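Observations on the model geometry
Single-letter residue listing:
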Amino acid sequence: QQLMMAQAQIPQLSSAQGLGGANPAALMGVAYGPTGTTSLYVKNMPEDADKLFLYEKFAPFGAIHSVKVLQDDAGKSRGCGFVNFADPLSAAKAVSSLHNLPIGDRMLHVAFQ
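How each quantity is defined
- Residues numbered from 1 in each chain as written.
- Predicted model: local features only at pLDDT ≥ 70, side-chain atom pairs only at ≥ 80, totals over all residues.
- Heavy atoms only, no water.
- Helix = DSSP H or I, 4+ residues; strand = E, 2+ residues; numbered from the N terminus.
- Buried < 20%, exposed > 50% of the residue type's maximum accessible area, 1.4 Å probe, protein only.
- Contact = heavy atoms within 4.5 Å.
- Areas by Shrake-Rupley, 256 points an atom, 1.4 Å probe, with all protein chains shown as cover.
- Salt bridge = Lys/Arg side-chain N within 4 Å of Asp/Glu carboxyl O.
- Core = buried A, V, L, I, M, F, W, Y, C linked by side-chain atoms within 4.5 Å.

Turning next to the overall build of the protein. Regarding its fold elements, the protein presents 4 helices and 5 strands. In the protein, the succession of α and β elements from N to C terminus is α-α-β-α-β-β-α-β-β. Counting across all 113 residues of the protein, residues that qualify as buried make up 34%. Long-range contacts, defined here as pairs at least 24 residues apart, represent 57% of the contacts in the protein between residues at least 6 apart. Carbon and sulfur atoms provide 52% of the accessible area of the protein, an area that totals close to 6,800 Å².

What follows concerns the pattern of salt bridges. Per the counting criterion, the structure on display carries 1 salt bridge. Ionic pairing is found between glutamate 47 and arginine 106, a salt bridge with its closest N-O pair at 3.9 Å. With glutamate 47 in the loop between strand E1 (39-43) and helix H3 (51-58) and arginine 106 in strand E5 (residues 106-112), this residue pair connects regions lying 59 residues apart in the sequence.

Attention now goes to the nonpolar core. Core analysis: the largest hydrophobic core is formed by 22 residues, its most contacted members being Leu40, Leu54, Phe58 and Phe85. Among the elements of the structure, E1, H3, strand E2 (64-71), strand E3 (77-85), helix H4 (88-98) and E5 are those that each provide at least two residues to this core. Considering each element in turn, this core owes the most residues, 5 residues, to H4. Contacts of phenylalanine 85, omitting those with residues within four sequence positions, involve Thr38, Leu40, Phe58, Phe61, Gly62, Ala63, Ile64, His65, Ser90, Ala91 and Ala94.

What follows is about the side chain of serine 90. On the secondary structure map, serine 90 appears in helix H4. Leaving out residues up to four positions away in the same chain, serine 90 has contacts with Phe61, Gly62, Ala63 and Phe85.

Right, dumping it as structure tokens:
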């Protein structure tokens, strides 16, 4: 019954009126953060990670408004940063796909902010 209800709501995703109150991530079985959340916290990044690293890893999931890598006084990455997506579904897909991704000897941690 839940599958039938979800399938009935899927056409709303492409409608001109928007999502019609449907939660697209839930319909697609994607882990979903707080309603409307588009900002992600990323840690356990490689020591040489920069903005380009974040763009390359996260851009396949959707449009990105901004990225930020936290740096020390010398300009070296502290191994964590933020990615702000244009829409919550893209953020949810990124969390679902990239959280615990092995990067070198580390496991990338990606979570809703």
